[in-house]
Amino acid sequence: MIIKKISVYCANIIFGLPQIIFLLTIKPFIKVRIGRLYSSRIGHLIYNIDNYISNSKKINNHHYSIFICEDFICNTTVFALWNKRKDLLLTKNFFLKNLIGFLEKFFPKSFILINHSEVHPEFSLVSCSERNIDIEEENKKTRVILSDLNLDNPYICLHNRDSEYLKYKNLSDINDDYFRNFSFSDYEIAFQKMTNDNISFVRIGETTSNNYLSNKYRIVDATGQKHSNENIVQVVNGSKFIVTGNSGIAQVSRILRKPQLFINYIPFKIEDFGAWSAQSLFIPKKLYDNKRNKFLNFREISELPYDIHTKKFFEKHDLSIIDNTQDEIFLAMLEMNQLVDQNFIQKEENNNLQNLFWEMFKDNQYYNDLRFKIRSRVPNSFLKLNKFMVE
């Protein structure tokens, strides 16, 4: 281990120093910046670059950006999509790895280094901005993929998070985030009640823990390496919307600026609305406090001091996690479908419930941006079924 560290240190100096001298030489003509990217997770591969590009446009500081990736690229299509931009390079290049290694060791505060807040801000309005990908070219590819999948009806993309992906890719996970998982069979009632509405369903995900498919419903299997990994952008692009939990795959919808429906969403933090597409809908998992014998309301859930890195939080605080019911999921999907079709009617009772919900977060520093710019919210149907959560 010590020998390896010494060899890396020496390589950083030998190969990194000449590159720094070169960058300083060309700086009057072109500015180059460099950062690291967690390319093994699709959420980071999309979210971080999307944020960085939009924020770079705002400061109007023209430069060429290089991101050093991990050895594993989770999605080669998205990787190639970003590399089509003339101002950006994602790479695993040995020499550039030593360049960033040199900078991080000897000049950690250099402007050349892209810092974490530039790619992963605390809060973002990027989803309200224009797309950072060439959608016209993707539209052409979408038509080919839909033909290949025999999709001619309007369809909704469905995904459920489980731990199968990590096993499939032999990836380690230091996060304690099992609580984000749920079963694909939770969509059953939606299948029963929406199949006759001339709607198909497409299951996405590179690998799944079960093969829930049925001849009774129009469910197209787009899982597996070919369709999920290579063509996920095109499959989501052709859909009405995507339904998933708190999972990185939903970021595909964000770069397309297409609203999403999040079910079984946990952790539920109101600021997270800014991490996803504008005008999305969220229904969280419910939490029951066993000590006080009561369900937590939205404010209490949002203020819990935990995230996916917190170990054994629910066990330590004697909290039970309750997944969304199949009816809650179906009604939320119905509402999302109406919103996309622009035939949703907001009733006075629902306005009152929405006001109660937002009143809980009026002191949040991002309140105006969340409510009036991003305009994501909790579905009316969920609020009506769980009025105790706004009390």
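These remarks concern the structure in this document.

Regarding the overall build of the protein chain
Move 1: Across its full length, the protein chain carries 16 helices and twelve strands.
Move 2: Whereas a compact globule of 391 residues would reach a radius of gyration of roughly 21 Å, the protein chain reaches 22 Å, a difference of no more than 12%.
Move 3: Overall, the C-alpha framework of the protein chain stretches about 65 × 50 × 40 Å when taken along its three principal axes.
Move 4: Approximately 18,800 Å² of the protein chain is accessible, and the part contributed by carbon and sulfur atoms is 54%.

A look at the packing of helix α1 (residues 2-26) against helix α4 (residues 94-106)
Move 1: Contact geometry for α1 and α4: axes closest at 7 Å, N-to-C directions at 90°. Between α1 and α4, the crossing angle belongs to the class labelled roughly perpendicular. Between α1 and α4, the residues in contact are Val 8, Tyr 9, Ala 11, Asn 12, Ile 13, Phe 15, Gly 16, Leu 17, Gln 19, Ile 20 and Leu 23 and Phe 94, Phe 95, Leu 96, Lys 97, Asn 98, Leu 99, Gly 101, Phe 102, Leu 103, Lys 105 and Phe 106, respectively.
Move 2: When the residues that make up the contact of α1 with α4 are grouped by side-chain class, the tally is 15 nonpolar, five polar and two charged.

Observations regarding the pairing of strand β5 (residues 200-205)
Move 1: In terms of burial, β5 is a largely internal element, six of the six residues being buried.
Move 2: On β5, burial covers both faces: Ser 200, Val 202 and Ile 204 on one face and Phe 201, Arg 203 and Gly 205 on the other are all buried.
Move 3: Summarising the sheet, strand β4 (residues 155-158) and β5 pair through four bridges and their orientation is parallel. The residue bridging Tyr 155 from the neighbouring strand is Ser 200, located in β5.
Move 4: As defined by bridge partners, β5 adjoins strand β6 (residues 219-223) across five bridges and the pair is classed as parallel. By the bridge assignment for β6, Ile 204 is matched with Ala 222.

Examining helix α13 (residues 326-340)
Move 1: For α13, which comprises 15 residues, the first-to-last C-alpha distance of 21 Å matches the rise-based estimate of 21 Å (1.5 Å per residue) to within 8%.
Move 2: By the burial criterion, the buried members of α13 are Glu 328, Ile 329, Phe 330, Ala 332, Met 333, Glu 335, Met 336 and Asn 337.
Move 3: Just beyond α13, the residue with positive phi is Gln 342, at close to 60°.

The rules behind these values
Residues numbered from 1 in each chain as written. Predicted model: local features only at pLDDT ≥ 70, side-chain atom pairs only at ≥ 80, totals over all residues. Heavy atoms only, no water. Helix = DSSP H or I, 4+ residues; strand = E, 2+ residues; numbered from the N terminus. Rg over C-alpha atoms; globule rule 2.2 N^0.38 Å. Areas by Shrake-Rupley, 256 points an atom, 1.4 Å probe, with all protein chains shown as cover. Axes fitted to C-alpha atoms, helices over the stretch in contact; angles between N-to-C directions. Parallel < 35°, antiparallel > 145°, perpendicular 65-115°, else oblique. Contact = heavy atoms within 4.5 Å. Nonpolar A, V, L, I, M, F, W, Y, C, P; charged D, E, K, R; others polar. Buried < 20%, exposed > 50% of the residue type's maximum accessible area, 1.4 Å probe, protein only. Pairing = 2+ DSSP bridges. Expected span 1.5 Å × (residues − 1).

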